[in-house]
Amino acid sequence: MTSLLTRMASGKPQLGLWQALANPYTAEICARAGFDWLLFDGEHAPNTAQTLLAQLQAVSAFPVAAVARVPQGEPVSIKQYLDIGFSTLLVPMIDNADHARAVVSACRFPPLGIRGVASATSRASGFGSIPDYLARAHERVSLIAQVESRAALSAIDDIAAVDGIDALFIGPADLAASLGHLGNPRHPEVQDAISHAKSRIDAAGKPAGIFALSVEDADARMAQGFAFLSVGTDIGLLTRGSSDLLATLRS
Ligand code: 3PY
Ligand code: MG
């Protein structure tokens, strides 16, 4: 297993698949397919710490980067996700630099931050087998802030400048909703906002990621220089594959 930040250093766009089925069996299938990263969604998918743990274990034998999205940027779920062994977190709805700093603090043990301490009982510490775990745990953690609101757009330079925010990821669905275009992320105003956000993330010297809306959109985002993108979802693949099969046979 590799980290997404390490993989991005290759300079190749990192292609990811959203995991919303909350299932270790399908996660293993997607890891085997060879995606660069998988996103395990704790914000919208029916996940618990147990289902996330099972999915992380299922993909750990593969050279894929595992990223977990916490339900929201608060310390309790952040510490649980880190303790079970996720080291790259995607945090939704970061609207300002204070929130970004609070999230960074939630990932670091005192005195660097406020993360609650579990060592010998956590999977992240190898159940107590990793020397210097407590002193060095923060070095393994990467944080990706999701920018997906009008407020986040206004504060994007400040959010991107926060030390400990390693990359920024644009969420077109929530961004569209926040800009008054619910369900229409292709609206020109949303597309302009995405271009603006990308240019500000570039100016900060941090990697930009995005959720692509289609294969064509993914191609365009790669051409625009996005460092990492989600190119589909497990649910989308199953939905399309199953209905296409039936339609072919019935036609
Ligand atoms: C969004 O589009 O709002 C997301 O959170 C997923 O990319
Ligand atoms: Mg969103």
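A short tour of the structure in this document, coming up.

## Re the nonpolar core
Judged by nonpolar contacts, the single largest core of 57 residues is most densely connected at F86, L89, I159 and I170. Not counting residues within four places of it along the chain, the set of residues in contact with L89 comprises V67, A68, V70, I78, Y81, L82, C107, S142, L143 and I144. The next biggest cluster of nonpolar side chains, apart from the first, holds 13 residues, and it includes L4, W18, I144 and F228.

## A look at the packing of helix α2 (residues 24–33) against helix α3 (residues 49–59)
Look at α2 against α3: their axes get within 8 Å of each other, and the N-to-C directions meet at 30 degrees. Judged by the angle between their axes, α2 and α3 are roughly parallel. Crossing hand, α2 versus α3: right-handed. Listed contacts from α3 to P24, A27, E28 and A31 of α2 are A54, Q55, A58 and V59. Split into classes, the residues belonging to the contact of α2 with α3 amount to 6 nonpolar, 1 polar and 1 charged.

## Some points on the coordination of the magnesium ion (ligand 2)
Protein-derived coordination of the magnesium ion (ligand 2) comes from E148 (OE) and D174 (OD), at a distance range of 2.0 to 2.1 Å. In this pair, E148 sits in the loop between β5 (142–147) and α7 (150–154) while D174 sits in helix α9 (residues 172–178), placing the two residues 26 residues apart along the sequence. Overall, the relative accessible area of 3% leaves E148 in the buried class. For D174, a relative accessible area of 24% gives the class partly exposed.

## Some remarks on empty space enclosed by the protein
One pass over the structure, following the stated rule, counts 1 cavity of 30 Å³ or more. The space that makes up the largest cavity amounts to roughly 70 Å³. Contributing to the lining of the largest cavity are L82, G85, F86, S87, R115, A124, Y133, A137, R140 and V141. The class makeup of the residues in the lining of the largest cavity is 6 nonpolar, 2 polar and 2 charged.

## Points about the site of ligand 1
The immediate surroundings of ligand 1 are formed by W18, R69, Q146, E148, F169, G171, P172, A173, D174 and F211. Between P172 and ligand 1, the recorded distance is 3.1 Å, taken from a backbone N or O atom to an oxygen atom. Relative to its free-state accessible area of 230 Å², ligand 1 is covered by the protein chains to the extent of 92%. Of all the cavities here, the one that holds ligand 1 is the largest pocket. Sort the elements by how many residues they give to the shell around ligand 1 and α9 lands first, with 3 residues. Looking at the shell around ligand 1 residue by residue, the classes come out as 5 nonpolar, 2 polar and 3 charged.

What counts as what
Residues numbered from 1 in each chain as written. Chains lettered and ligands numbered in written order. Predicted model: local features only at pLDDT ≥ 70, side-chain atom pairs only at ≥ 80, totals over all residues. Heavy atoms only, no water. Core = buried A, V, L, I, M, F, W, Y, C linked by side-chain atoms within 4.5 Å. Buried < 20%, exposed > 50% of the residue type's maximum accessible area, 1.4 Å probe, protein only. Contact = heavy atoms within 4.5 Å. Axes fitted to C-alpha atoms, helices over the stretch in contact; angles between N-to-C directions. Helix = DSSP H or I, 4+ residues; strand = E, 2+ residues; numbered from the N terminus. Parallel < 35°, antiparallel > 145°, perpendicular 65-115°, else oblique. Left-handed = near helix turned anticlockwise from the far one by under 90°. Nonpolar A, V, L, I, M, F, W, Y, C, P; charged D, E, K, R; others polar. Donors = N, O, S within 2.8 Å, 3.2 Å for Na, K, Ca; no water. 1 Å grid on protein atoms, 1.4 Å probe; cavity = no way out; pocket = protein on both sides within 12 Å on 5 of 7 lines; lining within 4 Å. Points joined across faces, edges and corners; volume = space filled by probe spheres on them. Near = heavy atom within 4 Å. Polar contact = N/O pair within 3.5 Å; in protein donor to acceptor, adjacent residues only side chain to side chain. Areas by Shrake-Rupley, 256 points an atom, 1.4 Å probe, with all protein chains shown as cover. Sits in = over half its atoms within 2 Å of the grid points.

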